[in-house]
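One letter stands for each residue in the lines below.
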Amino acid sequence: MHPGLLIHRTAVISRSSVLVLLMFLFGTQTVRAGPLDFSSDDTVTITADRAWEAEEPDVIHFSGQFELHAPDWSMSGDTAVVYGKLDDPDRVTVEGTPATVSFLRENTNGSGDADPDERIDGEASLVEYFRSTDKLIMRGSSRLVRKDSNLTSEIIEYDVETDRYSAGGEGGIDIQYTPDDE
């Protein structure tokens, strides 16, 4: 066998191999979720065509049809880098055409009663989610969709916990707002 062929064979990890590896790491309860769906229970599901570990500890690269589904957030795109433990990453960077992100954000009304969770969706060329601070940065044709508004801009920074954003860049911003009927 040609040595180059052996290196190529061992360097490629198929989408199925990644799924089998993750099922082994997280148990057989792992279920493939659809795009922008959330996983059930406390399961984190990651799929891609290829995965490889970086030289740095706890950094894994993914390429080809990347999808990550967690109980209250999900991301998808063409490529991704996960920093930290796979089941509890510190940061996830996703690139795509577009890269997408979704959150279920806890709502509370002024009286302290919990409202149903609000879904927040975003897309851009590059999406970076910092889990430790619950901050999201989207760059390149960015769009953030909330219950009552649709924000588009070149760059959007969003704080998931406080539901506050900052946006700007080339071309300015565009906000479409739908007021509550209450």
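My aim in this report is to walk through the structure given alongside it, one point at a time. From a predicted model like this one, the values you see are computed outputs, not experimental measurements.

1. Quick word on the pattern of salt bridges
Then comes step 1: In the structure shown here, the tally under the stated rule is eight salt bridges.
Then comes step 2: Note that Arg143 is salt-bridged to Glu123, the shortest N-O span being 3.4 Å. One end of the pair, Arg143, is in strand β7 (residues 135–146); the other, Glu123, is in strand β6 (residues 114–130), with 20 residues separating them in the sequence.
Then comes step 3: We classify Arg143 as partly exposed; its relative accessible area is 30%.

2. Describing a nonpolar patch on the surface
Then comes step 1: On the surface, Tyr165, Ile173, Ile175 and Tyr177 cluster together into a nonpolar patch covering about 400 Å² of accessible area.
Then comes step 2: Take Tyr165: it is sitting in strand β9 (residues 164–177).

3. Details of the nonpolar core
Then comes step 1: Residues Phe62, Phe66 and Met75 are the most contacted members of the largest nonpolar core, which totals 30 residues.
Then comes step 2: For this core, the elements supplying multiple residues, two or more each, are β3 (59–69), β4 (73–85), β5 (88–108), β6, β7 and β8 (149–159).
Then comes step 3: Among the elements that line this core, the one with the most residues is β5, at five residues.
Then comes step 4: The residues contacting Phe66, other than those within four sequence positions of it, are Ile46, Thr47, Ala48, Met75, Ser76, Gly77, Asp78, Ala80, Val82 and Val94.

4. Some points on the environment of Asp87
Then comes step 1: Among the structural elements, Asp87 can be located in the loop between β4 and β5.
Then comes step 2: Between the C-alpha atom of Asp87 and that of Ile46, which follows or precedes it by 41 residues, the distance is 9.3 Å.

So, how was this worked out
- Numbers given to residues run from 1 along each chain, matching the order in which its sequence is written.
- pLDDT decides what is reported in this predicted model: residues at 70 or higher carry local features, side-chain atom pairs at 80 or more are listed and counted, and totals for whole chains, interfaces and linings draw on all residues regardless.
- To get the side-chain values, all heavy atoms of the structure are used, and hydrogens and water are removed first.
- Each salt bridge in this description consists of a side-chain nitrogen of Lys or Arg and a carboxyl oxygen of Asp or Glu lying within 4 Å of one another.
- Helix numbers and strand numbers start at the N terminus; a helix is a DSSP run of H or I with at least 4 residues, a strand a run of E with at least 2.
- Under the scheme applied here, a residue whose accessible area is under 20% of the maximum for its type counts as buried, over 50% as exposed, and between as partly exposed, the area being computed with a 1.4 Å probe on protein chains only.
- Patch members must show over 30% relative accessible area and no salt bridge, and they are joined within 9 Å when carrying like charges or within 5 Å when they are nonpolar side chains of Val, Leu, Ile, Met, Phe, Trp or Tyr.
- Where accessible areas are quoted, they stem from the Shrake-Rupley method and a 1.4 Å probe; at the residue level, only the protein chains shown are allowed to cover.
- Think of a nonpolar core as a cluster: buried Ala, Val, Leu, Ile, Met, Phe, Trp, Tyr and Cys residues, connected wherever their side-chain atoms sit within 4.5 Å.
- Note on definitions: a residue-residue contact is assigned when non-hydrogen atoms from the two residues lie within 4.5 Å.

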